[in-house]
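Commentary on secondary and tertiary structure
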Amino acid sequence: MRRAAISWVIAAAAVLWIAPLAQATRVGERASDFSVADTNGKVEKLSDYAGKFVVLEWSNRGCPYTQKHYSSGNMQRLQREWTQRGVIWLTVISSAPGKQGYVTAAEENGWLKQINAGPTAVLLDPAGTLGHLYDAKTTPQLFVINAQGTLVYDGAIDDKPTTDRADIARARNYLSQALEEATAGKPVSTPTSRPYGCSVKYPGVW
């Protein structure tokens, strides 16, 4: 029995060594495709938006850092501004069931209407698959994918890592800067920044 158990452990370790976890997408690399259901039941695929600029916004409405940008109307303003300019904005919720920020589709749709949010769609990722694919760490955290399908920005929404709404007006908005530069065909001058906020509430993570 003991010999069999040892053999099983060795075999499992060998499998892990032979098939390591895939690396998350990094800035400068082709953005990983995905298929995730949104709050209206539609399966959203990144490949469906080929030739478009895409924003991925990780969100958790129970997080005070997320609340800062929604209660002030800042996130909704950015969503409307950039979707009106042809950018696809996909909000992603990777909170696991029973954890802060987890919502049903109906709950999220009701909240979106209440706060007058304007993303293209909200993707529900309770298993955290999409979150891990992009190594999303915090809420909020923003990613920008250019029209060629390359990830060109990953990081914070701005340079004021606080929950104070008054800081928004004097912040350097990294997301807007990245979009302005990328949509103009210029290199993104700040392609990465340290994201701030609450940790993404993945399964097994508190």
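Here's a quick rundown of the structure. None of these values were measured; they are calculated from a predicted model.

Further remarks concern the pairing of strand 7 (residues 141-145). Counting buried positions over the 5 residues of strand 7 gives 5, a clear majority of the element. The two faces of strand 7 match: Gln141, Phe143 and Ile145 on one face and Leu142 and Val144 on the other face are all buried. When strand 3 (residues 54-58) meets strand 7, the two strands line up antiparallel, connected through 5 bridges. The partner of Trp58 across the bridge, within strand 7, is Gln141. Note that strand 7 and strand 8 (residues 151-155) share 4 bridges and pair antiparallel. Looking at strand 8, one finds that Leu142 is bridged to Gly155.

Relative to each other, helix 3 (residues 74-84) and helix 6 (residues 174-183) sit at 5 degrees, their axes nearing to 12 Å. As far as their axial angle goes, helix 6 and helix 3 are roughly parallel. Residues Leu78, Glu81 and Trp82 of helix 3 form the contact with helix 6, whose participating residues are Leu175, Ser176, Leu179, Glu180 and Thr183. Class assignment for the residues of the contact of helix 3 with helix 6 results in 4 nonpolar, 2 polar and 2 charged.

The next point concerns the packing of aromatic side chains. This structure, assessed with the given rule, holds 6 aromatic pairs. Between Phe34 and Tyr134 the ring centres are 6.4 Å apart and the planes differ by 80 degrees, which places this aromatic pair in the edge-to-face class. On the criterion of sequence distance, the pair formed by Phe34 in the loop between helix 1 (2-18) and strand 1 (35-37) and Tyr134 in the loop between helix 5 (129-133) and strand 6 (138-139) is long-range, its members being 100 residues apart. Just as Phe34 is buried, Tyr134 falls in that class too. Look at Tyr70 and Trp111: their rings are 5.3 Å apart centre to centre, the planes differ by 55 degrees, and that puts the pair in the tilted class. With Tyr70 in helix 2 (residues 64-71) and Trp111 in helix 4 (residues 105-115), this residue pair connects regions lying 41 residues apart in the sequence. A relative accessible area of 7% means that Tyr70 is categorised as buried. Among the aromatic residues, those joined into a ring-pair cluster are Phe34, Trp58, Tyr134 and Phe143.

The next point concerns the pairing of strand 3. Of all 5 residues in strand 3, 5 are buried, a share of seventy percent or more. Of the two faces of strand 3, the one holding Val54, Leu56 and Trp58 and the one holding Val55 and Glu57 are both buried throughout. In this structure, strand 3 lies alongside strand 4 (residues 88-93), joined through 5 bridges in parallel fashion. Looking at the pairing, Val55 lines up with Trp89 of strand 4.

This brings us to the sheet that holds strand 7. Across the sheet, which stays open at both edges, the 5 strands sit in the order 5-4-3-7-8 with mixed pairing between neighbours. Only two strands of the sheet have a single neighbouring strand rather than two, namely strand 5 (121-124) and strand 8. The mean angle between the axes of side-by-side strands here comes to 20 degrees, regardless of whether they run parallel or antiparallel. Against the sheet, helix 3 contacts strand 3 and strand 4, and its axis sits at roughly 145 degrees relative to strand 4.

Quick notes on the rules
Residues numbered from 1 in each chain as written. Predicted model: local features only at pLDDT ≥ 70, side-chain atom pairs only at ≥ 80, totals over all residues. Heavy atoms only, no water. Buried < 20%, exposed > 50% of the residue type's maximum accessible area, 1.4 Å probe, protein only. Helix = DSSP H or I, 4+ residues; strand = E, 2+ residues; numbered from the N terminus. Pairing = 2+ DSSP bridges. Axes fitted to C-alpha atoms, helices over the stretch in contact; angles between N-to-C directions. Parallel < 35°, antiparallel > 145°, perpendicular 65-115°, else oblique. Contact = heavy atoms within 4.5 Å. Nonpolar A, V, L, I, M, F, W, Y, C, P; charged D, E, K, R; others polar. Phe/Tyr/Trp six-rings, centres within 6.5 Å; stacked < 30°, edge-to-face > 60°.

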